[in-house]
Every structure is written in C-alpha cells, then in structure tokens.
Amino acid sequence: MNFLRGVMGGQSAGPQHTEAETIQKLCDRVASSTLLDDRRNAVRALKSLSKKYRLEVGIQAMEHLIHVLQTDRSDSEIIGYALDTLYNVIANDDEEEVEENSTRQSDDLGSQFTEIFIKQQENVTLLLSLLEEFDFHVRWPGVKLLTSLLKQLGPQVQQIILVSPMGVSRLMDLLADSREVIRNDGVLLLQALTRSNGAIQKIVAFENAFERLLDIITEEGNSDGGIVVEDCLILLQNLLKNNNSNQNFFKEGSYIQRMKPWFEVGDENSGWSAQKVTNLHLMLQLVRVLVSPNNPPGATSSCQKAMCQCGLLQQLCTILMATGVPADILTETINTVSEVIRGSQVNQDYFASVNAPSSPPRPAIVVLLMSMVNERQPFVLRCAVLYCFQCFLYKNQKGQGEIVSTLLPSTIDATGNSVSAGQLLCGGLFSTDSLSNWCAAVALAHALQENATQKEQLLRVQLATSIGNPPVSLLQQCTNILSQGSKIQTRVGLLMLLCTWLSNCPIAVTHFLHNSANVPFLTGQIAENLGEEEQLVQGLCALLLGISIYFNDNSLENYVKEKLKQLIEKRIGKENFIEKLGFISKHELYSRASQKPQPNFPSPECMIFDHEFTKLVKELEGAITKAVYKSSEEDQKEEEVKKTLEQHDSIVTHYKNVIREQDLQLDELKQQVSTLKCQNEQLQTAVTQQVSQIQQHKDQYNLLKVQLAKENQQPSSYSDGTQVNGIQPEEIGRLREEIEELKSNQELLKNQLAEKDSLIENLKASKTSSETNEQSSAIISVGDSEEVSELKQELATLKSRLNSQSAEITSLQAEKQELLQKTEAYASSVPVSEESETTAAKTTDVEGRLSALLQETIELKSEVQALSAEKASIEEQLASSNSTIAILHNEKQQLEGAMKDSKKEQDDLFMLLADQDQKILLLKKKLKEAGHPSEEEDELESVGQPDDEEDEDVEQQDHV
C-alpha cells in the first residue's frame, strides 16, 4: 500500500508521462514481486487505473494479468482483481466518462484488445476453467469478461468455446447458480454465445436449457416479471429461431404446454407496465417463432396442433377479445393467432367459433373485419386483421364457403339486426377510403383462392346500387368502379380481385366478357401512354385481358380467343402488350410483397401488392405470353390434344369401371370359396366323429374276442342258460341297435357323397362358364389336362369300388336275416344256451364284416372328399397361375398313400374275418358233440367254408 500511495502521489508532476511510468512500475511489481501481497496490491492498483487509462493499462499490463491468472489461481482475491482489470480494458462501457482524446478510439479498443486476448486460444480455455470456481469474486468477473469477449468478436470466441472440451457445459452451470447476479449475467452470456450459431444452440438446448429457462420465467412471475424474464425470452428466441432441431426438441419435450400461463393476463384495465408489455411482446414473438410460415410444414402443423390441444390458442383468443389490452399487444396477438391457425383446419374451425363478449355476441371474425374497414383504426392494426383473415382462409375451403355464403341472397339477414362478414367486405370494397377498398378486395380474393366453386357462387351476388334501379352483379359493380377512374390503390385492389376471380374459372370469364364495355376499357387502358404512376394499372389490365384469353372457353362468338388476340395485335401490339404485362413484376414493391405472407408495410401508400397475388402473377405471366403469341392452328392442335386426352381419360375410366366390377366378382367368388371351405370343414368334422365311433366299436369287438377266448377255457359255461359266450342278451340287443345306427350312418354318408358330387358338377359348370367369359385367361397345358383326366378315372374307380362294397354289405345283411330266421325255427329243439351261442356267433361275424366294410366306406368317402378339394384347388389354379402341376402331383401322391393304407386295412379286416370263421368251426364242432342234427351243420357250413388246412387246425385245437 505504501508503494501504491507513493506512486499515486507523484502523478501531478506530468500527467501522461507520470501515469505511464506508474503503470509500468505496477506491471514490474506484478512480474517481479515474490510476495503475494505485493502482487495483489499492484493488481488492485492497475484495476483502479484501468477505467481511466484503458489504453495504457491494456498495452502494458495485459500479458502480466494473464500470467497472474495462470500462476496465482490459489488466491481468489488477486484472480478477481485481474479479471476486473481485463474486463475494464476490453469492455466498451458507454456509461463511463472518458477523456476527449480517447473518445475516438474507445469503440475500436475493445475489439483490438479482444483480438490480442484470444490470439492465444489457451487464454479463453483458462477463462472457462476459472468459471468453475464457486467463489463470487472469481466467477462473476469471469462471466462479465467472457460476455464482453463475445460481444466484441462473437464468431471467433464461439468457435474457440465450441472446440473446448466441456466448454458449453461449464457455461450452462451458471443457470443453476443460487446467486441471482451470476445467474442473470449467465443468461446474458448465453445470449451472446448462442447468437447466430446453430451448433452451439443445439448443444445448449440439449444441456436442458429449456427446462431451466422456463423455471426462471415461472419463478420471476411470467409476464409480470422483470428484466430477467425479458433476458430469458431473448435467449429462448436465440435457441429456437431458424433452428428446426431445437424447435422439434422444444415440442417433443412438452414445453409448449408450459407457455400457456404466460398469457393469463385477465381483463383488468390497469397493471400494464412497460416491462410487462415488453415481456408479453417477446412471449408472443416466441410463439410465432414456433409456427412461422418459413418453418417446415410438418413442424409448423405439429406445433399448431399442440397449441390447440393444450389451450394456448384459446388463451390467445381470450386476449384478442379482452378489453384494456394495449394496442401494440393487441396487434401482435392478432398476428400470433393468425400464424397459429394458418393452414390448420382444426385451429381454423375453433377460431370461427370464437365470439366476442358483446351483446348480442358477434363472431370474432366479424369484429376484426369491422376494425379492418374502419379508417380510424391504426394502420398496423388493420394490417394485422387482414393477415388474420388471410390465414383463416388459407387452405380452408370450408371457411371460404362460409364467407361467400354470407353474400348470397338466401343467407342475408332480412331484419338487418346483425352484420355479416360479407356485408362488411362489400361495404369496405365500395367505401370512400382507398385503404379499405384495397383491404376488402384482397380479403375477398382470398375467399376465392384456389376454389372454383366459390368463384362460381360469387357470380350470383347481386347489389342494390340505388333506389329504383335494378340490382347489378358484384362483378359488374367492380368493373363500373374501375371505369370511374378512382384512386390507384382502389383500382389496384379491384384488379387483383378480378384477376384472382377469373383465373381458372371459364364461367367467370364468360360473365366478364358478356359485358361489352369491359374489353374496350381494358384495351384503352393498355394502349394509352400514361405516366409512371399508371403503369402498374396498365400492367394489371394487361394481366386481366390475358386471363380472359387464356381461360376462355370460346362460348361467346364475339370474344373467342382468336378475336381477342387479333384485337390486341391491332389496337395494342403484341410486343407492347407483353411489355405492359411486365410492369407488374418489375415494380419495386412486387419483390417485397413476394417474400413474406404477412402484409408488412411501412405506410398505407406502400400497400399495393398481396403475397398470394404475386404467386398468381408468377404462374400466369409466362402462360399468357405464350397464349398471345400462339396461332390459330396451334390453338386447334391444343384443342385436339385436349380432346384426345379427354377420350383417353374416358377410356381409362371405362377400364377402371371394368376392373372395379371384376374386383367385385372376385370378392364374391372368394366369399363362395370361403363358404365351401367352411362346409368342407364341417363335413370333415362329421367324418372324424364317425371314425371315432367306428374305433369305439372296434374296441368293443376286441373286448368281445377276449371274453370269448376266456369262455372257451371254461366248459361249465355251456350249461348256463342266462349267458351266450359271456354276453348278456341285453348286450346282444344293444349291438343290434348299433348295427342299425351304423346302417343309418352309411345312408347319411351316401347322401353326403351325392351332395358332394353335385357340388363338383356345379363347380365344373361354373369353371366352364368362367372360361368362356374371360378372354384373357391362360390356356391350360396338355400335361394338366392329362393329370385331371387321370384323377377323374381314379375317382370313378373309387366310386365303383364303393358301390361293390355297398352291394356286399347288402348281401351280408340279407344273410344275417336268414340266419336269424333259421335260428328261430330251431328254437324249440335246441337248448337256449346253444341257440344263443349260434346266434351270437353269427351276429359277431356279420358285425365284424359290416364294421370292416363301413370303415372302408368311410375311407373311400374321405378319399372322395380329398379328390373334390383337390379338384377345387385345381380350378383355382387354372384361373390364376402356373403352379398347378406341382400341387396336383403332391395331391396324387397323398391319394396313392391313402389307397395303400386302405388296401392294407382291408387285408387286415379279411384276416379278422378268417379268425372269426375258425371260431365258428369250433362252435360247429361243439354242436356235433352235443348231438345236433346235420341240417344245422349244413347251415353253419353255408356261412363260410374253410379249407382243409383250417379243419386240421380246428381238430388240433380240439385235441388240445
């Protein structure tokens, strides 16, 4: 301190020389002192001199101060002094008083010293590392210094921070600092850091910046907050504007929903401070950033949807209809609502349902239009209303129809109690205020934009011009006002309306040309040599006449395309006509209007062109030029081409109808196939049930065999009069009933087989008819026909075998009846037990053979069904594709396998019958031993004659 006082005390000797020497001594002290206190005092002295003697301190001390930052990081006090000194040298603080000789250099000094500081990128990295210190005396001056560096040379410093490891993350930690001064200055630092740098903007956004900033805004009171809210909103705009990635991240993070409380302002007339107006203005701009027409359509539409779902649009409409809202906030709210509803059908429908809190309630659209056509309203407000109306009708054919319908005679309120949108537009269109004329004409043109139906509907509108005179059409009234020579702004608006109305609408062109005064008026306007002010009107008249040629359907003899072109050539000249047409796009205000959809004009006199109209001019200018220069032959060729295209379209339409009918037929056939499949499944289920029943009978048969074998081992059972071979008489009766049931099942299967055969014949007939009707079907190959014929032969063979088996079953049943009759005849002479034995044996024999035949019948039936299904598949394959042969071969192999299985099972059944014959011989032997007459033996032998080998086997068994 004594050193500092000595240095400071000697300043009066020579101002500049003494100051430079003092600064030099201080710098030497910083560089050479070994004691930390001496260096600290020297740096503090440099800090006190740095504001007044900025240049000298910067030149001599910057290097030493940077060295202090590198070497003395353990002492936060000296680090803080060094950072403050560097900030005073680099920052351009306009509030500080400076000497006159340094005023001219103050603006350049900051950038020069910044360039010296960042020349070594390690200095910026060192500064970033110092920001990690929590000490207030280090962190706060570090934030201010880095902010100043970014303000001086932003892009260079941004690049250094971007390549620095964890550079952006370190700065994001400032938003979480509990000290409001550091947090608020951290927001200012991030503002400078994120300006015009998309890469840093993305990093900051993904470092959870949206969450932290929205929390700060909520803590500060939303729109009622102070300057901190304003700084946070500016930072949010930096992060979101022209950054599609961050916008999508903001929407996906559900941050749009957190914007709704910002606009809960109420209806009170007081409480609109200047800061609140600023905050709310920035909030509205932030909403517009998310739904700007310049954003990708998909991103804009998703944000619009989210704003409607969370209630943000409803909140904005509440502000729109509230009282006591400042004019600039109301204007910006109208612009914001415009872009939130632009092109979104759901949002447009909601806006159409909004009513103003008046008595009686009026639609918000009507209230806004009343402001637009009121010349006492501010110019910017009228422009905002026009933009809102344009956005409401943008790609909204439903809304366009509603607006035009208010002009039609059937919907006009006869009582006059309510004013409609159409009436307001007509009132503005024909008022004495030229700005109202222009706005109403442009608004009505947007109701017709790309909507041929409404263009035709508007031709029906009739206007009562004066009492006693007949009404005139709206189209005629517009041309009447044009011919009266009104103001240029009015004529330009009406011409833009007529050009939009007549484009792509031949009926409107015919109505326009039907008035014989219109074409002479247009040619007269174009042909005259007028001043520069009238050149735009001449260009628009040329455009209107060109539209009348280009979209002319030649329905009026006097104004066909060829005659109108001849008229142009005689009275105007083609070159002169094209030159006048070019006046539109060459106008100075044309390019300005073509840039943005929003009508943003500095003054009412500049309100000439509409954005959508500039698109129409760009689209039609070249086409009209070609149409004017085309000859009659080219027109005829074009007409012929159009007719050819129409014929081609009719042919295509015819074939489309044919294809549609074929598709319907195909659907019907598919339904039939599905029905047949269901029937087939049902039949297969029935067959499966029958097979299971037959299997049960087989099991019972095997059980009876076992019981019979046991009975043969017990001779005493022959004297038992109550049983026959171990079988009760009741069980014999039950077996007879089951035989009858099997016979009925056989008849049912025969009927089902007949139905299946008829179904196959029907399919054959439908196949034959479909083959004759479809000329484009493929020719069946010779190999396929042979395969089908072979399958048919196999089917016939199976049917013949089935018939023979049925005949055999019938003969067996007749034989059974004879046996029963003979058994009853000998009932008196034969004991009951022996008669029962004979009857049971014969019954068992017949039942076995009947079961075998029924089994074979069912198998044949299943084979017939398989063949029928295979035939149906063949029918489908013949109608569709070439893969039939492989499927038929596969099916044939399956049938052969089934046939082999059937033959094998038949052989097994014959073996079983042979076993039964042996058992019958055993019974015959026992009857012989009992002394029965020889007639019974003959009857038993008539059932089946075994060969000699079988007799020998029976004798051997008897001996045993």
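About the thresholds
Residues numbered from 1 in each chain as written. Predicted model: local features only at pLDDT ≥ 70, side-chain atom pairs only at ≥ 80, totals over all residues. Heavy atoms only, no water. Helix = DSSP H or I, 4+ residues; strand = E, 2+ residues; numbered from the N terminus. Buried < 20%, exposed > 50% of the residue type's maximum accessible area, 1.4 Å probe, protein only. Contact = heavy atoms within 4.5 Å. Areas by Shrake-Rupley, 256 points an atom, 1.4 Å probe, with all protein chains shown as cover. Salt bridge = Lys/Arg side-chain N within 4 Å of Asp/Glu carboxyl O. Core = buried A, V, L, I, M, F, W, Y, C linked by side-chain atoms within 4.5 Å. Lys, Arg positive; Asp, Glu negative; His and termini not counted. Axes fitted to C-alpha atoms, helices over the stretch in contact; angles between N-to-C directions. Parallel < 35°, antiparallel > 145°, perpendicular 65-115°, else oblique. Nonpolar A, V, L, I, M, F, W, Y, C, P; charged D, E, K, R; others polar. Phe/Tyr/Trp six-rings, centres within 6.5 Å; stacked < 30°, edge-to-face > 60°. Lys NZ or Arg CZ within 6 Å of the ring centre and 35° of its normal. pLDDT = per-residue confidence, 0-100. Expected span 1.5 Å × (residues − 1). Left-handed = near helix turned anticlockwise from the far one by under 90°. Disulfide = S-S within 2.5 Å. Patch = residues over 30% accessible without salt bridge, like charges linked within 9 Å, V, L, I, M, F, W, Y side chains within 5 Å.

## Considering the overall build of the chain
(1) Moving on: Counting its secondary structure elements, the chain contains 42 helices and four strands.
(2) Moving on: The burial tally for the chain puts 47% of its 960 residues in the buried class.
(3) Moving on: Taking the contacts inside the chain whose residues are at least 6 apart along the sequence as the reference set, 73% of them involve residues at least 24 apart.
(4) Moving on: Carbon and sulfur atoms provide 50% of the accessible area of the chain, an area that totals close to 48400 Å².

## Digging into the pattern of salt bridges
(1) Moving on: What the rule picks out here adds up to 22 salt bridges.
(2) Moving on: A salt bridge links D37 to R40; the shortest N-O distance between them is 2.6 Å. Of this pair, D37 and R40 both sit in helix 3 (residues 36-50), separated by three residues, roughly a single helical turn.
(3) Moving on: Taking the relative accessible area as the measure of exposure, D37 reaches 44% and is therefore partly exposed.
(4) Moving on: Residue class for R40 comes out buried when judged on its relative accessible area of 12%.
(5) Moving on: Notably, a salt bridge pairs R288 with E339, separated by 3.0 Å at the nearest N-O pair. Of this pair, R288 sits in helix 16 (residues 274-290) while E339 sits in helix 19 (residues 327-341), placing them 51 residues apart in sequence.
(6) Moving on: When salt bridges with common partners are traced through the structure, they connect D37, R40, D75 and E77 into a single cluster.

## Details of the nonpolar core
(1) Moving on: Membership of the largest hydrophobic core comes to 209 residues, with the highest contact counts inside it found for L146, I161, L171, W262, F263, F351 and W501.
(2) Moving on: The element contributing the most residues to this core is helix 22 (residues 379-393), with twelve residues.
(3) Moving on: Contacts of I161, omitting those with residues within four sequence positions, involve V124, L128, L146, L150, G167, V168, L171 and L193.

## Focus: the side chain of K574
(1) Moving on: Of note, K574 is situated in helix 33 (residues 574-581).
(2) Moving on: Although K574 is buried, it forms no salt bridge, and the closest oppositely charged side chain is E569 at an N-O distance of 4.1 Å.
(3) Moving on: Discounting chain neighbours no more than four positions away, the residues touching K574 are I568, E569, V628 and Y629.

## Here's the deal with the packing of helix 33 against helix 35 (residues 611-629)
(1) Moving on: Their axes nearest at 11 Å, the elements helix 33 and helix 35 cross at an angle of 170°. Classified by the interaxial angle, the pair formed by helix 33 and helix 35 is roughly antiparallel. Taking contact as the criterion, the partners of K574, E575, F577, I578 and L581 in helix 33 are, on helix 35, E621, I624, T625, V628 and Y629.
(2) Moving on: Counted by class, the contact of helix 33 with helix 35 contains six nonpolar, one polar and three charged residues.

## What to know about the packing of aromatic side chains
(1) Moving on: Taken as a whole and judged by the stated rule, the model has eleven aromatic pairs.
(2) Moving on: For the ring pair F136 and W140, a centre distance of 5.4 Å and an interplane angle of 25° mean the geometry is stacked. Here the residue F136 and the residue W140 both occupy positions in helix 8 (residues 136-152), the gap between them amounting to four residues, near one helical turn.
(3) Moving on: Using a relative accessible area of 28% as the deciding quantity, one classes F136 as partly exposed.
(4) Moving on: Here W140 falls in the partly exposed class, since its relative accessible area comes to 27%.
(5) Moving on: Ring geometry for F250 versus Y255: centroids 5.5 Å apart, planes at 40°, classification tilted.
(6) Moving on: In this structure, K144 is placed above the aromatic ring of W140, and the distance from its NZ or CZ to the ring centre is 4.1 Å.

## Describing the confidence of the model for the chain
(1) Moving on: Confidence in the prediction of the chain, expressed as mean pLDDT, is 80, and 75% of residues score 70 or more.
(2) Moving on: Note that residues 1-16 has pLDDT below 50 and, in this model, 15 contacts with residues that lie over four places away or in other chains.

## Some remarks on helix 18 (residues 312-321)
(1) Moving on: For helix 18, a buried count of eight out of ten residues is recorded, marking the element as mostly surrounded by other parts of the structure.
(2) Moving on: Regarding helix 18, the residues found buried are L312, L313, Q315, L316, C317, I319, L320 and M321.
(3) Moving on: Turning to helix 18, the residues buried within the fold contact helix 16, helix 17 (297-309), helix 19, helix 20 (345-353), strand 1 (355-356) and helix 21 (364-372).

## Digging into the environment of L239
(1) Moving on: For L239, the location among the structural elements is in helix 14 (residues 227-240).
(2) Moving on: Exposure remark for L239: the relative accessible area of 0% places this residue in the buried category.
(3) Moving on: In this structure, the C-alpha to C-alpha distance between L239 and I200, residues 39 residues apart in sequence, is 8.9 Å.
(4) Moving on: For L239, the contacting residues outside a window of four places in its chain are T194, Q201, V204, A209, F210, L213 and N246.

## Describing helix 19
Since the α-helix advances by 3.6 residues per turn, residues separated by three or four positions end up pointing in the same direction.
(1) Moving on: Relative to the 21 Å expected for 15 residues at 1.5 Å per residue, helix 19 spans 21 Å between its end C-alpha atoms, a close match to the ideal helical length.
(2) Moving on: Counted residue by residue, helix 19 has twelve buried out of 15 residues, so it is predominantly covered.
(3) Moving on: Looking at helix 19, one finds that the buried residues are I329, T331, E332, T333, I334, N335, T336, V337, S338, E339, V340 and I341.
(4) Moving on: Just downstream of helix 19, G343 is the residue with a positive phi angle, here 80°.

## Things to note about the side chain of T300
(1) Moving on: Position of T300 among the secondary structure elements: in helix 17.
(2) Moving on: Residue T300 is classed as buried on the basis of its relative accessible area of 9%.
(3) Moving on: Those residues in contact with T300, other than ones at most four positions away along the chain, are L290, V291, S292 and N295.

## Details of the packing of helix 16 against helix 19
(1) Moving on: Close contact between helix 16 and helix 19 brings their axes to 9 Å; oriented N to C, the two are set at 15°. Regarding the angle of helix 16 to helix 19, the classification is roughly parallel. The handedness of the crossing between helix 16 and helix 19 comes out as left-handed. On the side of helix 16, the interface is formed by V277, L280, H281, L284, Q285, V287 and R288, while helix 19 contributes D328, I329, E332, T333, N335, T336, E339 and V340.
(2) Moving on: Taken together, the residues of the contact of helix 16 with helix 19 sort by class into six nonpolar, five polar and four charged.

## Considering the state of the cysteines
Two cysteines, two sulfur atoms, one covalent bond between them: this is a disulfide.
(1) Moving on: All chains considered together, the criterion is met by zero disulfides.
(2) Moving on: C391 takes part in no disulfide bond, and the closest cysteine sulfur, belonging to C388, lies 6.9 Å away.
(3) Moving on: On the accessibility criterion, C391 (1% relative accessible area) is buried.

## Focus: the environment of N504
(1) Moving on: By the element assignment, N504 lies in the loop between helix 28 (488-502) and helix 29 (506-514).
(2) Moving on: Separated by 49 residues in sequence, N504 and K455 have C-alpha atoms that sit 9.3 Å apart.
(3) Moving on: Sequence-distant contacts of N504, defined by excluding residues within four places in its chain, comprise A452, K455 and F551.

## Observations regarding unusual backbone geometry
(1) Moving on: Of note, N208 is a non-glycine position whose phi angle comes to about 70°, a positive value.
(2) Moving on: With respect to the helices and strands, the residue N208 is situated in the loop between helix 12 (198-206) and helix 13 (209-219).
(3) Moving on: Look at N208 and you get partly exposed, because its relative accessible area is 35%.
(4) Moving on: At N504, a residue that is not glycine, the phi angle is positive and equals roughly 60°.

## Observations regarding a nonpolar patch on the surface
(1) Moving on: The grouping of I651, Y655 and I659 at the surface amounts to a nonpolar patch, some 320 Å² of accessible area in total.
(2) Moving on: Summarising the element assignment, I659 is placed in helix 36 (residues 632-712).

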